[in-house]
Amino acid sequence: MASEQFENSRNETTGEKGRISELISAIKPSATLAVDAKAKALKAKGEPVIGFGAGEPDFATPEFIVEAATKAAGDKTMHKYTPTSGLPALREAIVQKTLRDSGLPISTSQVLVTNGGKQAISNACLTLLDPGDEVLLPVPYWTTYPEAVALARAVPVEVPTSIEDDFHVTAEELEKHVTSRTKMLILNSPSNPSGAVLSESELSEIGDFALEHGLWVLTDEIYEHLTYGGRPLVSLPVVKPELREKCIVVNGVAKTFAMTGWRVGWMIGPNDVVEAATNLQSHTTSNVSNISQMATVAALSGDLSAVAEMKVAFERRRQSIFKLFGEIRDVVCREPEGAFYAFPSFEKLLGREIRGVKVETTVELAEIVLDLAKVAFVPGEAFGAPGYGRFSYALADADLGEGLSRLIELFSEVK
Ligand SMILES: Cc1ncc(COP(=O)(O)O)c(C=O)c1O
């Protein structure tokens, strides 16, 4: 979505403006949700679809969290509007949790509770960016970032990474894309879709780069607990305390506690930015559902044993998906380091035929795989990385095995 597209928004013959605003017409629908919807629709029709598309854990929300919500629903004070910035008990729980898990000391005034991490990202972009500001976006990126940037009429600037480097962005590569208009960098580690987890020294170099150029950094840590192979959880403002005045941390309970439907996230930032973002949110969505907020207080104040159990399952599935992709000829897959996604390259399959159909792009490949093997995945185009595909391994072990054997079988027919 580029601003020059707006020039073409009038009807060429009548000169009339379109029904939908220029800004909103230019947004791409969420490709990840679209794949998931198509797979669910086929499933509802009785097709044996195996979905690797959804970015959500297959587990139920832990019972102690659900109980806290049930209790809150019976409390009449929870039936009313509450402060936009979040329930005091939740903001305090976020302060404690941030210190416990990341080692970052913050105060409650630095926290804004949002409708999922998604709203935190949107709030941050609208609060910090002016039209024409440039935002550095390492590729592959989570599909919402460029749209959130563009909704602030700012410009996403793609920064390449490579599969050989496990999709780790470097300060050196970022440096090549800075201009006098660059205002922000968006980082996401562990990454959706690549699974890349940046190390402390990499974060330190990137932090120095941001400081040198006076950039803001939005660091999305929503997959913080899902790192594997002994990789530690590292948070940029802890690695680089000098950056705290220009750093927005985005987080939420969706992925860690299997709470995607509860819609609770938060942003942490300097007081003035959080105050401005709270003003914005007071005119858009006001407070997040009190019931969900109380469930989140329970999630953040409890121990992390339920999270540890889920992580054991993700770790097992990570190993099996990596092993199975290794068995498919012409598919290159690196070992995912975090989150719950594998991001294999299908580049060697493109331009070839599957059952008589020539496949030129990964969008076409995803369609043909869904039609013929009844396996759903999200094509890399959704993440700025054509030629790749995102496979969520947050699905049952048996489904994962069956889905990958169907792929192995189908791809054995590629000519
Ligand atoms: C990297 C990343 N950030 C943020 C989110 C938003 O999560 P939610 O709005 O469900 O809290 C997602 C969800 O897919 C994500 O993958």
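The structure displayed is predicted, hence computed values, not measured ones.

> What is the right way to look at the overall build of the protein in this model?
The helix and strand inventory of the protein stands at 14 helices and 14 strands. For the protein, whose C-alpha radius of gyration is 22 Å, the value lies close to the compact-globule estimate of 22 Å for 415 residues. The C-alpha extent of the protein, read off along each of the three principal axes, is 60 × 55 × 50 Å. A sequence separation of at least 24 residues applies to 71% of the contacts in the protein between residues at least 6 apart.

> Mind showing me how you'd approach the site of the ligand here?
In the vicinity of the ligand there are 13 residues, among which Gly 116, Gly 117, Lys 118, Asn 192 and Gly 252 approach most closely. Residue contributions to the shell around the ligand peak at 3 residues, all from helix α5 (residues 116-128). Within the shell around the ligand, the residues separate by chemical class into 3 nonpolar, 8 polar and 2 charged.

> I would appreciate a short explanation of the nonpolar core in the present structure.
What tends to happen in soluble globular proteins is that the nonpolar side chains get buried as a cluster. Core analysis: the biggest nonpolar cluster contains 118 residues, and Ala 124, Val 217, Ile 248 and Met 267 have the highest contact counts within it. Taken domain by domain, the makeup of this core includes at least three residues from each of domain 1 (16-60 + 306-411) and domain 2 (64-301). Those residues in contact with Val 217 that lie beyond four places of it in its chain are Leu 185, Leu 187, Ala 210, Leu 236, Leu 243, Lys 246 and Cys 247.

> I would appreciate a short explanation of the domain arrangement of the protein in the present structure.
Reports often express the size of an interface as the amount of accessible area lost when the parts come together. Domain boundaries assigned for the protein yield domain 1 (16-60 + 306-411) and domain 2 (64-301). Of note, the centres of domain 1 and domain 2, computed from C-alpha atoms alone, are 25 Å apart. Looking at the side of domain 1 that touches domain 2, the elements with two or more residues in it are α2 (31-44), α12 (305-326) and β9 (341-342). Top element by residues in the side of domain 1 that touches domain 2 is α12. It accounts for 6 residues. Of the residues in the side of domain 1 that touches domain 2, the class split is 21 nonpolar, 7 polar and 8 charged.

> What is the right way to read the sheet that holds β9 from this model?
Read from one edge to the other, the open sheet built from 3 strands follows the order β9-β14-β13, with strand pairing classed as antiparallel. A strand with exactly one partner marks an edge of an open sheet, and here the two such strands are β9 and β13 (378-379). One ladder, built from 2 bridges, connects β13 with strand β14 (residues 389-392); its direction is antiparallel. Residue pairing for β14: Val 378 is matched across the bridge by Arg 390.

> Could you clarify how one ought to interpret the sheet that holds strand β5 (residues 182-188) in this entry?
One key point about sheets: their strands pair by backbone hydrogen bonds, in either a parallel or an antiparallel sense. Strand order in the open sheet formed by 7 strands is β2-β8-β7-β6-β5-β3-β4, and the pairing between neighbours is mixed. Strand pairing shows two members of the sheet lacking a second neighbour, β2 (111-114) and β4 (155-159), which therefore form its edges. Between one strand axis and the next, the sheet turns through 20 degrees on average, direction left out of account. The sheet strands contacting helix α4 (residues 88-102) are β2 and β8 (265-268), and the helix crosses β2 at an angle near 115 degrees. Together, β2, β7 (247-252) and β8 form the strand contacts of helix α10 (residues 271-284), whose direction differs from that of β2 by roughly 30 degrees.

> Help me understand the confidence of the model for the protein in this model?
Keep in mind that low pLDDT regions are not for reading the predicted coordinates in detail. Across the protein, pLDDT averages 93, with 96% of residues at or above 70. Confidence over residues 1-7 falls short of pLDDT 50; this stretch has 7 contacts with residues more than four positions distant or in other chains.

> How should I be thinking about α10 in this particular structure?
Three or four residues apart is the spacing at which side chains of an α-helix point the same way, because the helix has 3.6 residues per turn. Here α10 is 14 residues long and its end C-alpha atoms lie 20 Å apart, about the 20 Å a rise of 1.5 Å per residue gives. All of the buried residues along α10 are Val 273, Val 274, Ala 277, Thr 278 and Gln 281. All buried residues of α10 fall inside an arc of 135 degrees around its axis, so they share one side. Of the exposed residues in α10, the ones pointing more than 90 degrees away from its buried face are Asp 272, Asn 279 and His 283. For α10, the elements touching its buried residues are β2, α5, β7 and β8. One or two positions beyond α10, positive phi appears at Ser 286, with a value near 55 degrees.

> I'm lost on helix α14 (residues 397-411) in this one. Help?
With 15 residues, α14 should reach 21 Å at 1.5 Å per residue; the first-to-last C-alpha distance of 21 Å fits that figure. For α14, the set of buried residues is Leu 400, Gly 403, Leu 404 and Leu 407. The buried side chains of α14 occupy one side of the element, clustering within an arc of 95 degrees when seen end-on. Of the exposed residues in α14, the ones pointing more than 90 degrees away from its buried face are Ala 398 and Glu 409. Where α14 is buried, its residues contact β1 (50-51), α12, α13 (362-373) and β12 (375-376).

> Before we go on, may I ask you to explain the environment of Val 414 in this structure?
Of note, Val 414 is situated in the segment after α14. The class for Val 414 is partly exposed, based on 18 C-beta atoms found within 10 Å. Along the chain, Val 414 and Val 357 lie 57 residues apart, while their C-alpha atoms are 9.6 Å from each other.

> Explain the packing of helix α3 (residues 63-73) against helix α11 (residues 290-301) to me, please; I cannot follow it from the model alone.
To characterise two packed helices, one gives the angle between the axes of the helices and the distance between these axes. Between α3 and α11, whose axes approach to 8 Å, the crossing angle comes to 140 degrees. With respect to their mutual orientation, α3 and α11 come out oblique. The handedness of the crossing between α3 and α11 comes out as right-handed. Across the interface between the two elements, Phe 64, Ile 65, Ala 68, Ala 69, Ala 72 and Ala 73 of α3 pack against Asn 290, Ile 291, Met 294, Ala 295, Val 297, Ala 298 and Ala 299 of α11. When the residues that make up the contact of α3 with α11 are grouped by side-chain class, the tally is 12 nonpolar, 1 polar and no charged.

Definitions and cut-offs
Residues numbered from 1 in each chain as written. Predicted model: local features only at pLDDT ≥ 70, side-chain atom pairs only at ≥ 80, totals over all residues. Helix = DSSP H or I, 4+ residues; strand = E, 2+ residues; numbered from the N terminus. Rg over C-alpha atoms; globule rule 2.2 N^0.38 Å. Contact = placed C-beta atoms within 7 Å. Near = placed C-beta within 6 Å. Nonpolar A, V, L, I, M, F, W, Y, C, P; charged D, E, K, R; others polar. Core = buried A, V, L, I, M, F, W, Y, C linked by C-beta atoms within 7 Å. Buried ≥ 20, exposed ≤ 12 C-beta atoms within 10 Å, placed from the backbone. Domains from an automatic or database assignment. Pairing = 2+ DSSP bridges. Axes fitted to C-alpha atoms, helices over the stretch in contact; angles between N-to-C directions. pLDDT = per-residue confidence, 0-100. Expected span 1.5 Å × (residues − 1). Arc of directions from axis to C-beta. Parallel < 35°, antiparallel > 145°, perpendicular 65-115°, else oblique. Left-handed = near helix turned anticlockwise from the far one by under 90°.

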